[in-house]
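# Coordinates in review
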Amino acid sequence: MKFASFKHPTNRDGVLHIVDRALKHAVDVSDIAPTLQFALEHWDSLQRALQDEATSLARGTNRPVIDFAAALDAGRVAAPLPRTHQWLDGSAYLSHVERVRRARGDKVPESYYRDPLMYQGGGDSMMGPRDDLICLSEDWGIDLEGEVGVITGDVPMGVSPAEAGSAVRLVVLINDVSYRKLIPAELAKGFGFVNGKGLNALSPVAVTPDELGGAWCDQKGAGKLDYRLICHVRGQWFGNPNAADDMTFSLFDLVSHAAKTRPLMAGTLIGSGTVSNHDIATGYACIMEKRLVEQVELGAAKEEFLRFGDTVEIDMFDHHGETIFGAIRNHVVHSTPPTETR
């Protein structure tokens, strides 16, 4: 199944729709589950009814059919999960971490290869796939981070990675927006990210793992997605790293890690961290990583961070060349602080 949430003027959680595999048509299924969060919290009792609607959409449905592609282009599609009670981001690709450390003249601690890195971010609002990336200043070092993420059902405390896999309900793509020039001073405080992270954007649809077939659970390991993440920056190809290659920790590992000391509630979103391959010929999924490679190999970083008016695009295609999740396409827009009232 593929799920999308349409924007609603009074409901921040959107209106749940099922979308066909080609991302051309959608039907409103809010009579079954008003929101994706509701569906996740009642998954066992609603899954069959939702699957029946997905089958009907493919074969001929009695419900009114919506032109999903047109709705997406018109900006009517929200993030599949417009807000989540918990957003946790890992760093599963240590080639990314290694490059950061090497640029600082440092090495990756041995423990990083055994114990995943993870931080808790703000999940109260997720940008839609065509929403503008609104920022107050270019001086913050605006950057994309292309990631794969999973949305869970309820996850018991202490689950193993194998057990965690059964709690994964949906897979999405993420643009984890970072403000690179704010991060160093913030991390120096020793208390994690807040201002260094913006609102994230999610792909147009979230898909059930069965839609991914062998690319989700193949010889490269369960909980890894064996497709390339295609990134464009300013209208130019920027990278196509394989999301399964060089992944030290699977998404199942990250779910297990997050649930080590507490249960996770249905609707928890967990990200892989920036997709990164050791082979630099595959390009990059964030500007910072390219700048770090340039710094080491050329003596100075050349690639600029995002400017107002720039666009970033993140997508993923199956072996037939069809988009799986639809493209995240965010346009960087300047905003001014609200006027003070006295």
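Right above here is the structure, for reference.
Residues numbered from 1 in each chain as written. Predicted model: local features only at pLDDT ≥ 70, side-chain atom pairs only at ≥ 80, totals over all residues. Heavy atoms only, no water.

### Here we look at the overall build of the chain
- In terms of helices and strands, the chain carries 8 helices and 22 strands.
- For 342 residues, the compact-globule estimate of 2.2 N^0.38 gives 20 Å, and the C-alpha radius of gyration of the chain, at 20 Å, lies within 12% of that figure.
- Along the three orthogonal principal directions, the C-alpha set of the chain runs to about 60 × 50 × 45 Å.
- Looking at the 342 residues of the chain, the share that counts as buried comes to 54%.
- Surface accessibility of the chain: about 15,400 Å² in total, with carbon and sulfur atoms responsible for 49%. (Helix = DSSP H or I, 4+ residues; strand = E, 2+ residues; numbered from the N terminus. Rg over C-alpha atoms; globule rule 2.2 N^0.38 Å. Buried < 20%, exposed > 50% of the residue type's maximum accessible area, 1.4 Å probe, protein only. Areas by Shrake-Rupley, 256 points an atom, 1.4 Å probe, with all protein chains shown as cover.)

### Considering the pattern of salt bridges
- Applying the stated rule across the entire model yields 17 salt bridges.
- With its nearest N and O atoms 2.8 Å apart, the salt bridge here joins Arg 63 to Glu 53. Here Glu 53 lies in helix α2 (residues 43-59) and Arg 63 lies in the loop between α2 and β4 (66-67), a separation of 10 residues in the sequence.
- Residue class for Glu 53 comes out buried when judged on its relative accessible area of 17%.
- Its salt-bridge partner being Glu 145, residue Arg 180 comes within 3.3 Å of it at the nearest N-O pair. Linking Arg 180 in the loop between β13 (178-179) and α6 (183-188) with Glu 145 in the loop between β10 (142-143) and β11 (146-152), this pair joins segments that are 35 residues apart in sequence.
- Among the residues examined, Arg 180 registers a relative accessible area of 11% and is labelled buried.
- Using a relative accessible area of 6% as the deciding quantity, one classes Glu 145 as buried. (Salt bridge = Lys/Arg side-chain N within 4 Å of Asp/Glu carboxyl O.)

### So, the sheet that holds strand β22 (residues 328-334)
- One open sheet accounts for 5 strands, arranged β9-β22-β21-β18-β19; its pairing is mixed. In this open sheet, the two edge strands, each paired with only one partner strand, are β9 (133-135) and β19 (236-239). Strand after strand, the sheet turns through a mean of 25 degrees between neighbouring axes, direction not considered.
- The pairing of strand β18 (residues 229-233) with β19 spans 3 bridges and is classified as antiparallel. Residue pairing across strands places Val 233 opposite Gln 236, the latter belonging to β19. (Pairing = 2+ DSSP bridges. Axes fitted to C-alpha atoms, helices over the stretch in contact; angles between N-to-C directions.)

### Let's talk about the nonpolar core
- Phe 68, Val 148, Val 171, Trp 216, Leu 225, Met 316 and Phe 325 are the most contacted members of the largest nonpolar core, which has 69 residues in total.
- For this core, the element with the highest residue contribution is helix α7 (residues 251-258), accounting for 5 residues.
- Once residues lying within four places of it in the same chain are set aside, the contact partners of Met 316 are Val 148, Leu 173, Leu 225, Tyr 227, Arg 228, Leu 229, Ala 243, Glu 322, Thr 323, Ile 324 and Phe 325.
- The next biggest cluster of nonpolar side chains, apart from the first, holds 29 residues, and it includes Val 27, Leu 40, Leu 46 and Leu 81. (Core = buried A, V, L, I, M, F, W, Y, C linked by side-chain atoms within 4.5 Å. Contact = heavy atoms within 4.5 Å.)

### Side note on α2
- If you check α2, its first and last C-alpha atoms are 23 Å apart, about what 17 residues at 1.5 Å a residue would give, namely 24 Å.
- Packed against the buried residues of α2 are β1 (2-6), β2 (15-19), β3 (25-28), α1 (36-41) and β12 (168-175).
- Two residues or fewer after α2 comes Gly 60, characterised by a positive phi angle close to 130 degrees. (Expected span 1.5 Å × (residues − 1).)

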